[in-house]
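Descriptive structure summary
Letter by letter, the chains look like this.
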Amino acid sequence: MEISPTTRAVRAGIEADTAHASVVPPIYLSTNYAFAGIDGKRAFDYSRSGNPTRAILAGALADLEGGAGAVVTASGMGAVATCLHAFVPAGATVVVPHDCYGGSWRLFDALARKGQFDLRICDLTGPDAAARVAAAAPDLVWIETPSNPLLRLTDIKAISDAAHASGGLVVVDNTFCSPILQRPLALGADVVVHSTTKYLNGHSDVIGGAVVASTPELAEQVDWWSNSLGVTGGALDSYLTLRGLRTLELRMAKHVANASAIADAVAGHPALVAVHYPGLASHPDHALAAVQQSGPGGIVTLDLRGGTDGVRAFLDGLTCFSLAESLGGVESLVAHPASMTHVAMPPAVQDAAGITAGMLRLSVGIEDAADLVADLVRGLDRTARSLSG
Ligand SMILES: *Cc1c(COP(=O)(O)O)cnc(C)c1O
C-alpha cells in the first residue's frame, strides 16, 4: 500500500521507540552513546554527528521533499552555510537572485568579498531568466521562490535545465512554500534548503534549518559538512519541529485560505500602490504559480502610499498583527522590509530588489479570516486619511 508523504509526516517516529513503545518518540538529550565494545560503534556515537530525535525529523523532511537524505541544522542560515561549503569550490561562479532573503544575501556578499567565489546577482524572474543563467555558466544557482518580499516566482524547471546544461548545481530555498505547496526536487533542483523556523515548525518557538539532497552522494556531502562545521540542530528543537510538522498540511491550507481572502479584500484600496500576491490575476507570475505551486502561499506584501508616514498610520492601531520579523507561524505578523528584514541590503540594492519605504510584508496566520481583513482595512483607512489630512 502506497502511503502519502503527508501521512508519513504525521506518523514519523510514531511507535518507533524500542525501549517502551512510547507512541510519541522520546527526546534524546544525551551528547554521547556508549560503544558495545572496541569495535562496537552503534548507530549513534556523538550528538553533533548524529542524534536519534534529529534523525526522525531529517527522515520526515527528506520524505516530504522527495529527497534521498537530509540534515537538520541549528538555523536556516546554518543550512545556507552548509550548502556554500559543500557545493561551492574555490573560484566558482555562483548565481543568486537579486531579491533573496537579506541574511542569505549578506552571507553571499561577505564570502564573495573574501574572494571565495565569483558572485553574480541576477534577476531570476521572467521569461529571459534561463538565458541569463545559461550565459553565466554557473557552478551553482541559488533560487528562492516566491521571493522575499515581492513574491516574484522563478521557474525552477527552466532554471534547473539551464544550470545543468553547463554542469551547475541548483539549490532552492523552499522556506516560503514548504513541501506542501512546492516540491523543487521533482522540478529538477538538486538540493532544497529550509529555514524550519518558519512554516515547518510553524509555532515561532524554534530557530532551525534543513538541507534536503536529491541523491545519496549529495546527502553524504551535506552530512559531512554540517557535522564538520558543527551546525547540526539540537534534540529538543528537533522534537518541537517534528511536532509542528505533523500539522503542516492543515496549517498551510489555512494560511493560503486566509492570505487569499486578504489579497482579494484589500486589492484596489485607495491607500495602496500595489498588492503583491501570486494568487491575484494581476500578479506577473500568476500563471507560473498555478502550475509550479499547489497554492499561492501565506505571505501577502502591501505597498502603501505615503512611504514611511503611510506605514506609521497603518501600524498605529493594528490589533491582529504583531510588528515582528520572521514568518510562517500560526500568529499573523507584519514586517517593514526596508528597516527590518532587509536592512542588511544597502539602499541601492534594496531599490534594485524593488523594496520601497511603504512596503509591508504580511505573514498571514491561521486566525479567523474576517478578523484579519477587518483589522487590515481599518489600517488602510487610517493611511488614506493621513494622506488626505
Ligand atoms: C528566515 C529565512 C532564512 C534564514 O533562516 P534562519 O532560521 O533565520 O537562520 C533563509 N531563507 C529564507 C527564505 C528565510 O525566510
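The shown structure was predicted, so the numbers you read here are calculated from the model rather than taken from an experiment. Residue numbers restart at each chain and count upward from 1, following the sequence in its written direction. Local features in a predicted model are, by the rule used here, given only for residues with pLDDT of at least 70; side-chain atom pairs are given and counted only at 80 or more, and totals for whole chains, interfaces and linings are based on all residues. As a rule here, side-chain values cover all heavy atoms of the structure and leave hydrogens and water aside.

**Thoughts on the overall build of the chain**
The line we're drawing: Helix numbering and strand numbering both begin at the N terminus, where a helix is a DSSP run of H or I of at least 4 residues and a strand a DSSP run of E of at least 2. It is over C-alpha atoms that the radius of gyration is taken, and the globule rule equals 2.2 Å times the number of residues to the power 0.38. Buried residues are those whose accessible area, probed at 1.4 Å on protein chains only, stays under 20% of the maximum for their type, while exposed residues exceed 50% and partly exposed ones sit between those limits. Throughout, a contact is declared for two residues whenever any of their heavy atoms are within 4.5 Å. Where accessible areas are quoted, they stem from the Shrake-Rupley method and a 1.4 Å probe; at the residue level, only the protein chains shown are allowed to cover. Charge counting follows a simple rule: Lys and Arg are positive, Asp and Glu are negative, and His as well as the terminal groups are ignored. Charge coordinates come from a single atom per side chain, which is NZ of Lys, CZ of Arg, CG of Asp or CD of Glu.
Counting secondary structure elements, the chain contains 14 helices and 12 strands. Taking 389 residues into account, the globule formula puts the C-alpha radius of gyration at 21 Å, and the chain, at 21 Å, falls close to it. Counting only C-alpha atoms and orienting by the principal axes, one finds that the chain spans roughly 80 × 50 × 40 Å. Within the chain, the proportion of its 389 residues that are buried is 53%. Look at the contacts in the chain between residues 6 or more apart in sequence, and 72% of them connect residues 24 or more apart. If you sum the accessible surface of the chain, you get close to 15,800 Å²; carbon and sulfur atoms cover 57% of it. Positive and negative side-chain charges of the chain, numbering 25 and 37 respectively, have mean locations separated by a distance of 3 Å.

**Examining the UniProt feature "modified residue: N6-(pyridoxal phosphate)lysine" (unreviewed entry) in the chain**
Note the cut-off: UniProt positions are given in the numbering used here, feature names are shortened, and annotations may be inferred rather than shown by experiment.
Within this numbering scheme, the UniProt entry marks Lys 198 as carrying the feature "modified residue: N6-(pyridoxal phosphate)lysine" (unreviewed entry). Within the secondary structure, Lys 198 sits in the loop between strand 6 (191-195) and strand 7 (209-213). Setting aside chain neighbours within four positions, we find Lys 198 in contact with Thr 175, Ser 326, Leu 327 and Gly 328.

**Some thoughts on helix 8 (residues 216-229)**
Note on helix geometry: an α-helix contains 3.6 residues per turn, so any two residues three or four positions apart are oriented the same way. Stated formally: The span one expects for a helix is its residue count, reduced by one, times 1.5 Å. Working note: the arc is built from the helix axis to C-beta atom directions.
Taking 1.5 Å per residue, 14 residues should reach 20 Å; helix 8 reaches 20 Å between its end C-alpha atoms and fits that length. All of the buried residues in helix 8 are Leu 218, Ala 219, Val 222 and Ser 226. End-on view of helix 8: buried residues confined to an arc of 100 degrees, all on one side of the axis. Among the exposed residues of helix 8, those oriented more than 90 degrees off its buried face are Pro 216, Glu 217, Glu 220 and Trp 224. In this structure, the buried side of helix 8 is in contact with strand 1 (69-73), helix 3 (76-87), strand 5 (169-173), strand 6 and strand 7.

**Section: the nonpolar core**
Convention followed: By nonpolar core we mean a set of buried residues, namely Ala, Val, Leu, Ile, Met, Phe, Trp, Tyr and Cys, connected to one another through side-chain atoms within 4.5 Å. Throughout the structure description, domain borders are defined by an automatic or database domain assignment.
Core analysis: the biggest nonpolar cluster contains 67 residues, and Leu 245, Leu 302 and Leu 362 have the highest contact counts within it. Broken down by element, the residue count for this core peaks at 7 residues, all from helix 10 (residues 248-266). In this structure, this core is formed jointly by two domains, domain 1 (5-245) and domain 2 (249-388), each of which donates at least three residues. If near-sequence neighbours (up to four positions away) are discounted, Leu 362 is found in contact with Ile 262, Gly 298, Ile 299, Val 300, Leu 302, Phe 321, Leu 333, Val 334 and Leu 376. Counting 33 residues, the second largest nonpolar core, distinct from the first, contains Phe 87, Val 88, Leu 111 and Met 345.

**A short note on the pairing of strand 3 (residues 117-122)**
Cut-off, in case you're wondering: In short, DSSP must find at least two bridges between two strands for them to pair.
Sheet topology note: the strand 2 (residues 92-97)/strand 3 ladder contains 6 bridges and is parallel. Bridge pairing in strand 3 places Val 94 opposite Leu 119.

**Notes on the site of the ligand**
Put simply, the rule reads: The criterion for a residue being near a molecule or strand is simple. One of its heavy atoms has to lie within 4 Å of it. Here a polar contact is recorded for every N or O atom pair within 3.5 Å, except that within protein the pair must consist of a potential hydrogen donor and a potential acceptor, and residues adjacent in sequence are included only if both atoms are side-chain atoms. Here a cavity is any set of points on a 1 Å grid over the protein atoms alone where a 1.4 Å probe fits but cannot get out, and a pocket is any open set with protein on both sides within 12 Å along at least 5 of 7 lines; a residue lines the site when it has an atom within 4 Å of a point. Put plainly, a molecule is in a cavity or pocket when over half of its atoms are within 2 Å of the grid points there. Here the term charged refers only to Asp, Glu, Lys and Arg, the term nonpolar to Ala, Val, Leu, Ile, Met, Phe, Trp, Tyr, Cys and Pro, and the term polar to all other amino acids, Gly among them.
Taken together, the neighbourhood of the ligand is formed by Ser 75, Gly 76, Met 77, Tyr 101, Glu 144, Asp 173, Thr 175, Phe 176, Ser 195, Thr 197, Lys 198 and Gly 208. Met 77 has a polar backbone atom sitting 2.9 Å from an oxygen atom of the ligand. Protein contact buries 92% of the 380 Å² of open area that the ligand shows by itself. Judged by the fraction of its atoms near the pocket grid, the ligand is located in the largest pocket. Its residues placed into classes, the shell around the ligand shows 3 nonpolar, 6 polar and 3 charged.

**Quick notes on the sheet that holds strand 11 (residues 333-335)**
Spatial strand order, 8-9-12-11-10: 5 strands in an open sheet with mixed pairing. The strands lining the two open edges of the sheet, one partner per strand, are strand 8 (272-276) and strand 10 (322-323). Both strand 10 and strand 11 contribute to a ladder of 2 bridges, which runs parallel. Looking at strand 11, one finds that Ser 322 is bridged to Leu 333.

**Remarks on the pattern of salt bridges**
Filter applied, for reference: The rule for a salt bridge is simple: a side-chain nitrogen of Lys or Arg has to be within 4 Å of a carboxyl oxygen of Asp or Glu.
By the definition in use, this model includes 6 salt bridges. A salt bridge links Asp 63 to Arg 8, with the shortest nitrogen-to-oxygen separation between them at 2.5 Å. With Asp 63 in helix 2 (residues 52-65) and Arg 8 in helix 1 (residues 5-11), the pair connects residues that are 55 residues apart, well separated along the chain. The partner of Asp 285 in a salt bridge is Arg 152, with the nearest N and O atoms 2.7 Å apart. Remark: Arg 152 occurs in the loop between strand 4 (140-144) and helix 6 (156-165) and Asp 285 occurs in the loop between strand 8 and helix 11 (286-292); sequence separation between them is 133 residues.

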